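# Overview (structure and organization)
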Amino acid sequence: MKILLRARDSRWLAPAAVVGAVLLTLLLTAGPIRLAGANPLAAYERYLVTPLMSLTGLGDVLLASTPLIFTGLAVAIAFRVGYFNIGAEGQFLVGTVAATLPALYLSELPGLIALPLALGCGALGGAAWAFLPAWLKRHARIDEVVTTLLLNPVALLLVQGLLNGPWRNSETGFPDSDRFDAGYTLPALVDGSRVHWGLVIALLLVLAVGIVLAFTPLGLRLKAAGQSPDAARFSGIPVATLKWRCALASGAIAGLGGASQVLGVQHQLTASVSNGYGYTGVVVATLGALAAGGVLLVALLLGDIAVGAQNASIVLHVPTQMGTIVSSTLLLTVVAFLAARRYRLVLRRRPPRTQAPRPRAPQPQAPRPRSTQPRGPASTLGQER
Amino acid sequence: MDFPLIAVLAATLTIATPLVWAGLGAIINERAGILNLGIEGTMYAGAFVGFLTASASGSATLGLLAAIIAGALAGSLMGLLTVTLGVNQHVAGIGTTLLLIGACDFSNRILFSAGSQAVTAKFDRLFAGTGFFAQYPMTYLAFLVAAPALWWVLRSSGFGLRLRAVGENPEAADAAGIPVAGTRYTALVLGGALMGTGGAFLTLSLLGSFTLDIVSGRGWICIALIIFGRWKVWPVVAGALLFGFADALQLQLAITPQFGAVPNELLIAFPYLVVIGALAIWGRGVRYPGAYLVPYRRA
């Protein structure tokens, strides 16, 4: 028995791998669901179908997807260019803080000025939080993975520190900020729904990023810099500069997501404002194949699962953490299946002896390529040939 | 003001212990060429499984064993993803961390209905009452056994040489007859076991109970310490002590009246900032293992 690299990737194989991964995810997660005392089939229906069957449910899905679109896009553009920003969590949180600043200190402003100001502050805040890792990467070549990761707990501490200190609620004394004035509320899209204009901003960003990545020379350069930095550098693409800019843009998008969340949903800063959206952004970006459209679809799917998980925890008493288990299992099975599809299993008997066995090569063979998989970010899904 | 130096130094050792265990595990992984971002989740799983087993069986030793097994299993999951399948290591690691934390929190919710958190059997400090030397057994083991042992293994043993060969140049290692995949699996299982041990220290020695978010970024600290320590055992231990000292210092300052005005959260963030600062000063221009992040497959 032998595992060989496939010479060609047939067209049906990738979709088949995704279907296989989804089936395996359902199978693997059935165990814990049963452990929680629920029927897996009923639970899957709750997770995937129930939220889509009612208007409120659909609204909740869109609401839950909105921050994931932001963080997913943020991670996707950074991973595209080969900058592994795993700090979207911290950038999102600092975005919420920065958007809260004008809301607390310039609370009288009318919405027309206040909202752009707060959103801009959020984006700036996210970019500022991304600045240090990006700067260290560019000027001291310090691995961005570590520094972005380390700044996540620091950002959470910043939020908690502000809420326990100067921004403590002046009426209740709880560690939540005061509620924002009317000018700092992202209006609902439809009356009576909680879906807010943040979703529109997210969709516009998806459109913009999608166009840039797919149809512009810049998009091509980013892809080249990410997938094969040496070749890109050789052909005159300023890889380090591109990484630097994408790092800051990534932080800005995550920060904008934080601003949208705090202005559109919470209407006050709370310590639980993020709920792991930044880390989930890595899942969204990877499953979305680092493409804008993919990010949108996966964000909607994970939003659906998140709402379903809330629902299932109330009706079926399956803890909400099941949502995390399902989405992370899905991530791992999908990347595993997509990687596995590049190999085929050959069960071979003794080869027919038509000619004399060749003598062993006396010396090592010519240098072979280091790996079957280039280390570029797009290889996360193993979609290259 | 009289500063309780001995107490702070003793706390330094205690705080550094989980980082030393998990850091040693991360050294083994990264020397074999694998960045294991599953470390945070693996520590979390070690903490939770250790706690669970100890509270069910009443034996802290059994809990520790279970944590080691859980860590080894988490390591083999990383192996399946990154060695056998060659998945991107950042994605596999973050996915593993998310999955393990989700699974532990889920089980925690099911087994212990919210609020009623059981207290478990735990290890006691040795030499109680001797101040600085009153440390947990796992602390002594980390500094006096595990770290020297790994240092020797990496430097002089056949396994250590194979491990480094596989991480530096898998083609050459393969040509020399070293099983690349097997060595990497061993590294991940062994490293995962050490990370699980580090997590179990938090529940089975330090706290005696399990709380959500108990690891709170210590895994990421370890990844930073590896770079800071350039993949060498003693510098990484020194980095863990540096973090431990910063953390012990902030804990001491938090109860010192003169520092009452400083926000507590700023003090808690202080050791993280120290690590980033240390990385910025001493982490420049480091040489990564040759096959870092690169999956290996015979052409």
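Residues numbered from 1 in each chain as written. Chains lettered and ligands numbered in written order. Predicted model: local features only at pLDDT ≥ 70, side-chain atom pairs only at ≥ 80, totals over all residues. Heavy atoms only, no water.

## Points about the overall build of chain B
Heads up, the rule is: Put simply, DSSP H or I for four residues or longer makes a helix, DSSP E for two residues or longer makes a strand, and each gets a number counted from the N terminus. For this measure, only C-alpha atoms enter the radius of gyration; the expected value for a globule follows 2.2 Å times N^0.38, where N is the number of residues. Between buried and exposed lies partly exposed: a residue is buried under 20% and exposed over 50% of the maximum accessible area for its type, with that area taken using a 1.4 Å probe on protein chains only. Using a 1.4 Å probe, the Shrake-Rupley method yields the accessible areas, and only the shown protein chains count as cover for residues.
Secondary structure summary: chain B contains eleven helices and zero strands in total. For chain B, the sequential pattern of α-helices and β-strands runs α-α-α-α-α-α-α-α-α-α-α. Taken over C-alpha atoms, the radius of gyration comes to 19 Å for chain B, in line with the 19 Å a tight globule of 299 residues would show. The principal-axis extents of the C-alpha atoms in chain B amount to approximately 65 × 45 × 35 Å. The 299 residues of chain B split such that 59% are buried. As presented, chain B carries roughly 10900 Å² of accessible surface, and 70% of it is formed by carbon and sulfur atoms.

## Digging into the interface of chain B and chain A
Note the cut-off: By the convention used here, residues are in contact when the closest approach between their heavy atoms is within 4.5 Å. Accessible-area loss on putting two parts together, using a 1.4 Å probe and summing over both, is the definition of buried area adopted here. Take a side-chain nitrogen of Lys or Arg and a carboxyl oxygen of Asp or Glu: if they are within 4 Å of each other, that pair is a salt bridge. Each residue receives one of three labels: charged for Asp, Glu, Lys and Arg, nonpolar for Ala, Val, Leu, Ile, Met, Phe, Trp, Tyr, Cys and Pro, and polar for the others, Gly being one of them.
Listed by partner, the interface residues are 51 residues for chain B and 52 residues for chain A. In total, chain B and chain A occlude about 4500 Å² of area from one another, counting both sides; carbon and sulfur atoms represent 75% of this. At the surface where chain B touches chain A, the tally comes to zero salt bridges. Looking at the side of chain B that touches chain A, the elements with two or more residues in it are helix H3 (60–84), helix H4 (89–111), helix H7 (170–175), helix H9 (218–228) and helix H11 (264–282) of chain B. Here the side of chain B that touches chain A takes 14 residues from H4 of chain B, the largest share from any one element. For the side of chain B that touches chain A, the per-class residue count stands at 35 nonpolar, nine polar and seven charged.

## Here's the deal with helix H8 (residues 217–227) of chain A
All names here are of chain A. Defined as follows: The arc in question is the one spanned by the directions pointing from the helix axis to the C-beta atoms.
Within H8, burial applies to Gly 219, Leu 222, Ala 225 and Gly 226. With its buried residues spanning 130° around the axis, H8 presents them on a single face. Facing away from the buried surface of H8 by more than 90 degrees, the exposed residues are Pro 217 and Leu 220. Looking at the packing, one finds that the buried side of H8 touches helix H3 (55–80), helix H7 (198–215), helix H9 (229–234) and helix H10 (239–266).

## What to know about the packing of H3 of chain A against helix H12 (residues 292–315) of chain A
Residues and elements named next belong to chain A. Quick note on the threshold: Axes here refer to lines fitted to C-alpha atoms; in helices the fit is confined to the stretch in contact. Angles between the N-to-C directions go from 0 to 180 degrees. Angles are sorted into four bins: roughly parallel if under 35 degrees, roughly antiparallel if over 145, roughly perpendicular if 65 to 115, and oblique for all others. Left-handed describes a crossing in which the near helix is turned anticlockwise from the far one by less than a right angle; the clockwise case is right-handed.
Where H3 meets H12, the closest approach of the two axes is 7 Å, and the angle between their N-to-C directions is 140°. Taken together, H3 and H12 sit at an angle that is classed as oblique. For the pair H3 and H12, the crossing hand works out as right-handed. Every residue of H12 that contacts H3 at Asp 60, Val 61, Leu 62, Ala 64, Ser 65, Leu 68, Ile 69, Gly 72, Leu 73 and Ala 76 is listed here: Ala 292, Val 295, Leu 296, Ala 299, Leu 300, Leu 302, Gly 303, Asp 304 and Val 307. Residue classes in the contact of H3 with H12 are distributed as 14 nonpolar, three polar and two charged.

## So, the confidence of the model for chain A
When pLDDT drops low, the exact placement of atoms in the prediction is not to be read closely. The cut-off we apply is this: Along the chain, pLDDT gives the predictor's confidence residue by residue, from 0 to 100.
Summing up the model confidence of chain A, the mean pLDDT is 88 and the portion of residues at 70 or higher is 90%. Here residues 361–385 of chain A scores under 50 on pLDDT; set against residues more than four positions off or in separate chains, the count is 63 contacts.

## A few points about helix H2 (residues 40–49) of chain A
Residues and elements named next belong to chain A. Heads up, the rule is: In protein, a polar contact means a hydrogen-donor-capable atom and an acceptor-capable atom, both N or O and within 3.5 Å, with residues adjacent in sequence counting only if both atoms are side-chain atoms; elsewhere, any N or O pair within 3.5 Å suffices.
Taken as a whole, H2 has its buried residues at Pro 40, Ala 43, Tyr 44 and Tyr 47. With its buried residues spanning 100° around the axis, H2 presents them on a single face. Packing partners of the buried residues in H2 comprise helix H1 (13–35), H12 and helix H13 (321–340). The backbone nitrogen of Leu 41 has a side-chain oxygen 3.0 Å away, supplied by the residue at the start of H2, namely Asn 39.

## So, the pattern of salt bridges
All names here are of chain A. Within the structure shown, the criterion is met by four salt bridges over all chains. In this structure, the salt-bridge partner of Asp 60 is Arg 194, at a minimum N-O distance of 3.9 Å. Taken together, the positions of Asp 60 in helix H3 and Arg 194 in the loop between helix H6 (144–164) and H7 put the pair 134 residues apart, joining distant regions of the chain. With relative accessibility at 30%, the residue Asp 60 sits in the partly exposed group. On the accessibility criterion, Arg 194 (55% relative accessible area) is exposed.

## With respect to the environment of Ile 69 of chain A
All names here are of chain A. Tracing the backbone through its elements, the reader meets Ile 69 in helix H3. Between the alpha carbons of Ile 69 and Gly 257 there is a distance of 8.2 Å; along the sequence they are 188 residues apart. Ignoring any residue separated from it by four or fewer positions in sequence, one finds Ile 69 in contact with Leu 199, Ala 202, Val 206, Val 295, Leu 296 and Ala 299.

## Focus: the nonpolar core
What counts, and what does not: Throughout this description, the term nonpolar core refers to a set of buried Ala, Val, Leu, Ile, Met, Phe, Trp, Tyr and Cys residues connected via side-chain atoms within 4.5 Å.
If you look at the biggest cluster of nonpolar residues, it comprises 196 residues, and the most contacted ones within it are Tyr 47, Leu 150 and Leu 263 of chain A together with Leu 24, Leu 37 and Ile 39 of chain B. For this core, the element with the most residues is helix H1 (residues 5–31) of chain B, which contributes twelve residues. Ignoring any residue separated from it by four or fewer positions in sequence, one finds Tyr 47 of chain A in contact with Ile 33, Asp 304, Ile 305, Gly 308, Ala 309, Ala 312, Val 318 and Met 322 of chain A. With five residues, the next largest nonpolar core counts Val 166, Ala 173, Ile 178 and Val 180 of chain B among its residues.

## Things to note about a nonpolar patch on the surface
Residues and elements named next belong to chain A. Applicable threshold: The patches described consist of residues with a relative accessible area above 30% and no salt bridge, like charges being joined within 9 Å and nonpolar side chains (Val, Leu, Ile, Met, Phe, Trp, Tyr) within 5 Å.
Judged by side-chain polarity, Leu 48, Val 49, Leu 52, Met 53, Leu 55, Leu 58 and Leu 301 come together as a nonpolar surface patch covering roughly 640 Å² of accessible area. For the nonpolar patch, the elements supplying multiple residues, two or more each, are H2 and H3. Along the chain, the position of Leu 58 falls in helix H3.

## Observations regarding the environment of Ala 224 of chain B
Structurally, the position occupied by Ala 224 of chain B is in helix H9. Between the C-alpha atom of Ala 224 of chain B and that of Gly 239 of chain B, which follows or precedes it by 15 residues, the distance is 9.1 Å.

## Overview of the packing of helix H5 (residues 137–156) of chain B against helix H6 (residues 158–168) of chain B
All names here are of chain B. Where H5 contacts H6, the two axes come as close as 5 Å, and the packing angle between them is 70°. Here H6 runs roughly perpendicular to H5, going by the angle between their axes. Considering only the axes of H5 and H6, their crossing is right-handed. Counted together, Val 153, Leu 154, Arg 155 and Ser 156 of H5 and Gly 158, Phe 159, Gly 160, Leu 161, Leu 163 and Arg 164 of H6 form the full contact between these two elements. Of the residues assigned to the contact of H5 with H6, the class counts are five nonpolar, three polar and two charged.

## So, the packing of aromatic side chains
Residue and element names in this part refer to chain B. For clarity, the threshold we go by: Any Phe, Tyr or Trp ring, taking Trp's six-membered ring, that has another such ring centre within 6.5 Å forms a pair; planes under 30 degrees apart are called stacked, those over 60 apart edge-to-face, and the others tilted.
Under the defined criterion, the tally for this structure stands at 16 aromatic pairs over all chains. With 5.7 Å between their ring centres and 90° between their planes, Phe 127 and Tyr 140 make a pair best called edge-to-face. Pair noted here: Phe 127 is in the loop between H4 and H5 and Tyr 140 is in helix H5, with a separation of 13 residues, a long-range link. An aromatic cluster of at least three residues, connected via ring pairs, comprises Tyr 44, Phe 48, Phe 51, Phe 112 and Phe 210.

## Remarks on unusual backbone geometry
Phi at Leu 290 of chain A is positive, roughly 60°, even though this residue is not glycine. Position of Leu 290 of chain A among the secondary structure elements: in the loop between helix H11 (277–287) and H12. Relative accessible area serves as the criterion here: at 2%, Leu 290 of chain A is assigned to the buried category. A positive phi is found at Trp 231 of chain B, a non-glycine position, where the angle reads about 65°. Tracing the backbone through its elements, the reader meets Trp 231 of chain B in the loop between H9 and helix H10 (233–254). Residue class for Trp 231 of chain B comes out buried when judged on its relative accessible area of 2%.

## Focus on the side chain of Ser 65 of chain A
All names here are of chain A. Following the sequence through the fold, Ser 65 ends up in helix H3. Here the side chain of Ser 65 touches Val 61 through a polar contact of 2.7 Å, landing on its backbone oxygen. Aside from chain neighbours lying at most four places away, what touches Ser 65 is Ala 299, Leu 300 and Gly 303.

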